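Residue-level structural notes
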Amino acid sequence: KIFIKGELMATHNYNYDVIVIGAGPGGYVAAIRAAQLGLKTAIVERETLGGVCLNWGCIPTKALIHNAGVVEMLHNIADYGVSFDNLKVDFGAAVKRSRDIVGRQTKGVAFLMKKNKIDVIEGHATFVDPHTLQIGKSEYVPKAEEKKVTAANFIVATGARARSLPGVEIDGKSVIQYRDALVLDQLPKKMIVVGSGAIGSEFAYVYNAYGVEVTLIEMLDQVLPLEDAETAAEVEKAFKKAGINVLTSTRTDKVEVETGGIKVTVTNVKSNSSTTLNADKVLMAIGVRPNTENV
């Protein structure tokens, strides 16, 4: 249903016509459009404007992928008739460039909120009743002002976070998720990536380009299982040519963190044969789960 301001404010004296919970691409774009339509709008964010896509997903990942592409080209620069000695690559510098890009984009979203007269409320939002939110502290905003705000309508755009295999804890050190993979200060020698969707495939490419020995595990019968088979086949061919160990039709049974490394037990679902792999880090990239609890 499309409301006009008069309908929203006719019978109740709320603080806002609409409050958006979550300032990712779903949330902040909706808030801008609501404000453009004349609605008094606020947006609540418990971490950083821009959400996962801007801060921990699409934008920083693509920045690292561009860096990896440059490194890959330099390794093959002789094909262009150019040669040099002592090539050195600095992954830390690539991470810094990625985070700097994120910082500029976040400021851009803040500017759009101000330009469109949208109130930004920092903290975690919990519904008290159908028209009232309790704003409280969050892990990322420990000094958030605790207060209640009301609105005629709400848009819930709380996004999602990485999920793991049952019984496998993402500790941010040995077993990591995409957030951790974006800011590693030291490259591991060996990395196992569990899941070959967009996230897993992107990081497999990036870390391989920087010299990490990467094994990419996928339970289904092709990498990028949601994409066309022809596309997936080309990507798998390119990965193998680059030296990535691709294991499709392979189930991850167990991840054991031990002194000095990680042991991963996998089973080929077609032959039912099991094997043990070793790595310094395991990146979990098997999908996401919604941030809907405690709302």
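Residues numbered from 1 in each chain as written. Predicted model: local features only at pLDDT ≥ 70, side-chain atom pairs only at ≥ 80, totals over all residues. Heavy atoms only, no water.

**Quick look at the pattern of salt bridges**
Using the criterion set out here, one finds nine salt bridges in the structure. Among the salt bridges present, the one from lysine 62 reaches glutamate 202, with a minimum N-O distance of 2.8 Å. Here the residue lysine 62 occupies a position in helix H4 (residues 58-75), and glutamate 202 occupies one in helix H7 (residues 198-209), the gap between them amounting to 140 residues. Using a relative accessible area of 42% as the deciding quantity, one classes lysine 62 as partly exposed. Put simply, glutamate 234 and lysine 237 hold a salt bridge, and the shortest N to O gap is 3.6 Å. Taken as a pair, glutamate 234 and lysine 237 lie in helix H8 (residues 229-242) at a separation of three residues, close to a single helical turn. (Salt bridge = Lys/Arg side-chain N within 4 Å of Asp/Glu carboxyl O. Helix = DSSP H or I, 4+ residues; strand = E, 2+ residues; numbered from the N terminus. Buried < 20%, exposed > 50% of the residue type's maximum accessible area, 1.4 Å probe, protein only.)

**Structural notes on the pairing of strand E15 (residues 281-284)**
Because side chains alternate across E15, one face comprises the buried residues Lys281 and Leu283, and the other comprises Val282 and Met284, equally buried. Judged from the two bridges that link them, strand E8 (residues 175-176) and E15 form a sheet pairing that is parallel. Bridged to isoleucine 176 within E15 is leucine 283. Both strand E9 (residues 190-194) and E15 contribute to a ladder of four bridges, which runs parallel. When the sheet's bridge partners are listed, isoleucine 192 is paired in E15 with valine 282. (Pairing = 2+ DSSP bridges.)

**Side note on the sheet that holds E9**
Spatially, the five strands line up as an open sheet ordered E8-E15-E9-E10-E11, and their pairing is parallel. Either end of the sheet is taken by a strand with one partner, and the two such strands are E8 and strand E11 (245-247). The strands touched by H7 are E9, strand E10 (213-217) and E15; relative to E10, the strand with the most contacts, the crossing angle is about 165 degrees. (Contact = heavy atoms within 4.5 Å. Axes fitted to C-alpha atoms, helices over the stretch in contact; angles between N-to-C directions.)

**So, the sheet that holds strand E13 (residues 261-268)**
Strand order in the open sheet formed by three strands is E12-E13-E14, with antiparallel pairing between adjacent strands. Single-partner strands in this sheet number two, and they are strand E12 (250-258) and strand E14 (274-279). Across the sheet, the mean angle from the axis of one strand to that of its neighbour is 20 degrees, orientation sign disregarded. Note: E12 against E13, eight bridges, orientation antiparallel. In the strand pairing of E13, valine 257 is matched with isoleucine 262.

Function cannot be inferred from these measures alone, as they are strictly geometric.
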